[in-house]
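Architecture at a glance
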Amino acid sequence: MLKEKKGNEFLLSLIRKYGTLTALVAVICVFSLLEPRFFSLTNFFNITRQITVLFVLGVAETYALISGEIDLSIGWVAGLAGILAVAAQAEGYSTLMAISIALAVGLLFGLCNGFIIAIIGIESFIATLGLGQIANGLIFLYTKGAPVIGLRESFMFLAAGKILGIPVPLLIILVIFLIADYHLKYTSSGRFFYAIGYNPEASLMSGLNVKNLKILSFAITGLLSGMGGVVIMARLGSGQPTAGPGYLLNAIAVAYLGASVLKEGEFHILGTLVGAVFIGTIINGLTILNVQYYYQFVATGLLLLIAVGLASMGKKSAKS
């Protein structure tokens, strides 16, 4: 009986650690058999372009989740930041200035989220939802529901350009991955984020400034949301008022899927990247097979439920 119990625990541990990776390999094999065009370098680059926003916003959400919170505003903040970047280009500002404006907008909302949550004490679910709605209102106040045009080729280069034959979206993914992964693994503030997320009371008693760390975490989340907005609008070639919010569900799914990659119930950047590739691969494969878009929503919802379940199992296992 004891051996059977240990065997079941070992099997569950394998599922929690390698379930997403195994599923990713299986999905790639299935789509490759069903459609030969799927397994090609060209389609790989297509997937890279498709998951860039998803990965950037997934990393943003990962930072919030690591610190024990959640950010429901990232999609709206990304949309507002992207819209204002496009508007800046339309007014004649340089691409660098337009991107800087988007990042500043994201950072501002991130700091506001952190202040409301850490200082005022409002739950992150409500605080970020409220600020997200404010960002959404500002989008439609500025655009009146109409697209904003005026992007130059130098801006759209972020989504469609190549450097030495390498697509710029792939370079964006690599740069953000390396910076975020290094930060969370090898810097004191990155390790402190994990500490306050796992046990804020013990962190406070050990001398950590939990409030400031929460604010810093949301500042990074906001900054990445702003970057996500830049890439969204670069892909679309104009400022679309409704473009940002649709990424929220998938960004959360990506982060939770990542929590069942190699580690049991722990959010980390490599896992987020695998989660983004997983969801991007499924959406890309279903699109190539001409599957109706609403089935993609069903698949994403099921993935999110499975991912949350695996991550929750991993956290309970780690605490027991």
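Scroll up to find the structure.
Keep in mind the model is a prediction, meaning the values are calculated, not measured. (Residues numbered from 1 in each chain as written. Predicted model: local features only at pLDDT ≥ 70, side-chain atom pairs only at ≥ 80, totals over all residues. Heavy atoms only, no water.)

1. Things to note about a nonpolar patch on the surface
Where nonpolar side chains cluster on the molecular surface, the patch consists of F115, I119, I120, I122, F125, I126 and L129 and spans about 640 Å² of accessible area. Elements that contribute at least two residues to the nonpolar patch include exactly α4 (95–120) and α5 (124–143). Tracing the chain through its elements places F125 in helix α5. (Patch = residues over 30% accessible without salt bridge, like charges linked within 9 Å, V, L, I, M, F, W, Y side chains within 5 Å. Areas by Shrake-Rupley, 256 points an atom, 1.4 Å probe, with all protein chains shown as cover. Salt bridge = Lys/Arg side-chain N within 4 Å of Asp/Glu carboxyl O. Helix = DSSP H or I, 4+ residues; strand = E, 2+ residues; numbered from the N terminus.)

2. Things to note about helix α3 (residues 74–90)
For α3, built from 17 residues, the straight-helix expectation of 24 Å at 1.5 Å per residue is met to within 8% by its first-to-last C-alpha distance of 24 Å. Most of α3 is tucked away: 15 of the 17 residues are buried. In the segment just after α3, G92 is the residue with positive phi, at about 100°. (Expected span 1.5 Å × (residues − 1). Buried < 20%, exposed > 50% of the residue type's maximum accessible area, 1.4 Å probe, protein only.)

3. Things to note about the nonpolar core
Counting 87 residues, the largest nonpolar core has F55, V59, Y63, F155, I176, F193 and L224 as the members making the most contacts within it. The greatest single-element share of this core, amounting to 13 residues, is contributed by helix α2 (residues 41–66). Residues contacting F193, with those up to four places away along its chain left out, are Y63, I66, S67, H183, L184, L213, L216, S217 and I220. (Core = buried A, V, L, I, M, F, W, Y, C linked by side-chain atoms within 4.5 Å. Contact = heavy atoms within 4.5 Å.)

4. Concerning unusual backbone geometry
Positive phi, normally seen in glycine, also occurs at L164, with a value near 55°. As for its position among the elements, L164 is in the loop between β1 (162–163) and β2 (166–167). The exposure class assigned to L164 is exposed, which follows from its relative accessible area of 84%.

5. A few points about the packing of aromatic side chains
Tallying each qualifying case throughout the model produces 5 aromatic pairs. Here the aromatic rings of F31 and F38 are separated by 5.4 Å at their centres, their planes lie at 45°, and the arrangement is tilted. Per residue, the accessibility class of F31 equals that of F38, and both read buried. Their ring planes at 40° and their centres at 5.3 Å tell us that Y182 and Y186 sit as a pair that is tilted. Of this pair, Y182 and Y186 both sit in helix α7 (residues 168–186), 4 residues apart, which is roughly one turn of that helix. Residue class for Y186 comes out exposed when judged on its relative accessible area of 52%. (Phe/Tyr/Trp six-rings, centres within 6.5 Å; stacked < 30°, edge-to-face > 60°.)

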